[in-house]
Amino acid sequence: MLRLQQVHAGYGGSEVLSGVDLLLREGEVVTLLGRNGMGKSTTIHCIMGQLACRSGSIVFDGCELNDLPAFRRARLGIGWVPEERHIFPNLSVQENLQVAAANFASAQQPWTLQRVYQLFPRLQERVQHAGNQLSGGEQQMLAIARALMINPRLLILDEATEGLAPLIRQEIWRVIEQLKQQGLSILIVDKHIKTLLQLADRYYLMEKGQVVSSGEASQLAQDAGLQARYLGV
Ligand SMILES: Nc1ncnc2c1ncn2[C@@H]1O[C@H](COP(=O)(O)OP(=O)(O)OP(=O)(O)O)[C@@H](O)[C@H]1O
Ligand SMILES: [Mg+2]
């Protein structure tokens, strides 16, 4: 479904990604791991068209993404929950969801307000609240719900549980697990390695802009040495 080959990218004079290779098959949950500043978010920015690749290729569903502007990539069916959430502060919960609503990927069972409220009952209690009146956890739920409203076939989550209270974090994990059960393809970056490796099928481990290890998530879960070396856990 998604294939990155030898992706190079950077900011100004500095190269941040030095030949990233990554593959995600339909229905898979793949996690991208690595310590701070190793290039996880930069890789996602390249997939979403927030940052241009200097060389290499990114193919989604047979379509070369490097030729497409960011909005066309979303239309192909890639939903993105950015690290910074990007909630519209002055729009209500409902309006935040409605501006994203689309059926570009002509899903057979499209996401509706009703379906996302079922997934996040807490959002339904806050429908009329403005984005900036929500707690951090509620904003994160809204960011995920909004990404679902474009009916993605691939959902990309960047640090969706960062800085949240344990109960809210559990709620987010529950939803991601549910989306996986529904067959959604997911690329996920998160710092809660233990939960993440239970959820994911496969992992890619990044170090200084390159993939240094990849394989079955269950294998990494058992490899304390590899985790210590590249993740400091
Ligand atoms: N807008 C930017 N301008 C210049 N350098 C940047 C910019 N964004 C990121 N970088 C640099 O690129 C490198 C990779 O950053 P990136 O955000 O991809 O890391 P990350 O793996 O997502 O880290 P974290 O776990 O902290 O989110 C870092 O050295 C960072 O300082
Ligand atoms: Mg990041």
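Located above this text is the structure these notes cover.
Residues numbered from 1 in each chain as written. Chains lettered and ligands numbered in written order. Predicted model: local features only at pLDDT ≥ 70, side-chain atom pairs only at ≥ 80, totals over all residues. Heavy atoms only, no water.

I would appreciate a short explanation of the overall build of the protein in the present structure.
Scanning the protein from terminus to terminus reveals 10 helices and 10 strands. The C-alpha radius of gyration computed for the protein amounts to 17 Å, which stays within 12% of the reference 17 Å derived for 233 residues, consistent with globular compactness. Along the three orthogonal principal directions, the C-alpha set of the protein runs to about 45 × 40 × 35 Å. When burial is assessed residue by residue, the protein has 52% of its 233 residues classed as buried. (Helix = DSSP H or I, 4+ residues; strand = E, 2+ residues; numbered from the N terminus. Rg over C-alpha atoms; globule rule 2.2 N^0.38 Å. Buried < 20%, exposed > 50% of the residue type's maximum accessible area, 1.4 Å probe, protein only.)

Quick question: what am I supposed to make of the nonpolar core here?
Side chains of a nonpolar character, in soluble globular proteins, are inclined to be buried together. Leu33, Leu148, Leu155, Leu157, Leu179, Ile186 and Ile188 are the most contacted members of the largest nonpolar core, which totals 49 residues. Counting residues per element, this core draws most heavily on helix α6 (residues 136-148), at 7 residues. Filtering out sequence-adjacent residues up to four positions away, leucine 179 remains in contact with Trp111, Leu119, Leu148, Leu155, Leu184 and Ile186. Formed by 30 residues, the second largest nonpolar core is a distinct cluster that contains Leu2, Leu51, Trp80 and Ile156. (Core = buried A, V, L, I, M, F, W, Y, C linked by side-chain atoms within 4.5 Å. Contact = heavy atoms within 4.5 Å.)

Just to check I follow, could you spell out the coordination of the magnesium ion (ligand 2) for this structure?
Four donors placed tetrahedrally about a metal ideally form angles of 109.5 degrees, and six donors placed octahedrally ideally form angles of 90 or 180 degrees. Distances from the magnesium ion (ligand 2) to its protein donors, namely Ser41 (OG) and Glu83 (OE), fall within the range 2.0 to 2.8 Å. With a gap of 42 residues between them, serine 41 in helix α1 (residues 40-48) and glutamate 83 in the loop between β6 (78-81) and α3 (93-100) connect regions that are remote in the sequence. Its relative accessible area of 30% is what places glutamate 83 among the partly exposed residues. (Donors = N, O, S within 2.8 Å, 3.2 Å for Na, K, Ca; no water.)

Any chance you could explain the sheet that holds strand β9 (residues 202-207) here in plain terms?
Backbone-to-backbone hydrogen bonds join strands into a sheet, with any given pair of strands oriented parallel or antiparallel. With mixed pairing, the 6 strands of this open sheet are ordered in space as β6-β7-β8-β3-β9-β10. Each end of this open sheet is capped by a strand with a single partner; those strands are β6 and β10 (210-216). Each adjacent strand pair in this sheet contributes to an overall mean axis angle of 15°, direction not counted. Judged from the 4 bridges that link them, strand β3 (residues 29-33) and β9 form a sheet pairing that is parallel. From the neighbouring strand, leucine 32 faces β9, where its bridge partner is tyrosine 204. The strands touched by helix α7 (residues 166-181) are β3, β7 (154-158) and β8 (185-189); relative to β8, the strand with the most contacts, the crossing angle is about 150°. (Pairing = 2+ DSSP bridges. Axes fitted to C-alpha atoms, helices over the stretch in contact; angles between N-to-C directions.)

Can you walk me through the sheet that holds strand β2 (residues 14-24) in this structure?
Strand order in the open sheet formed by 4 strands is β2-β1-β4-β5, and the pairing between neighbours is antiparallel. With one partner strand each, in any of the chains shown, β2 and β5 (63-64) form the two edges of the open sheet. Relative to β2, strand β1 (residues 2-11) runs antiparallel, the two sharing 8 bridges. Note on β2: the bridge partner recorded for leucine 4 is leucine 22.

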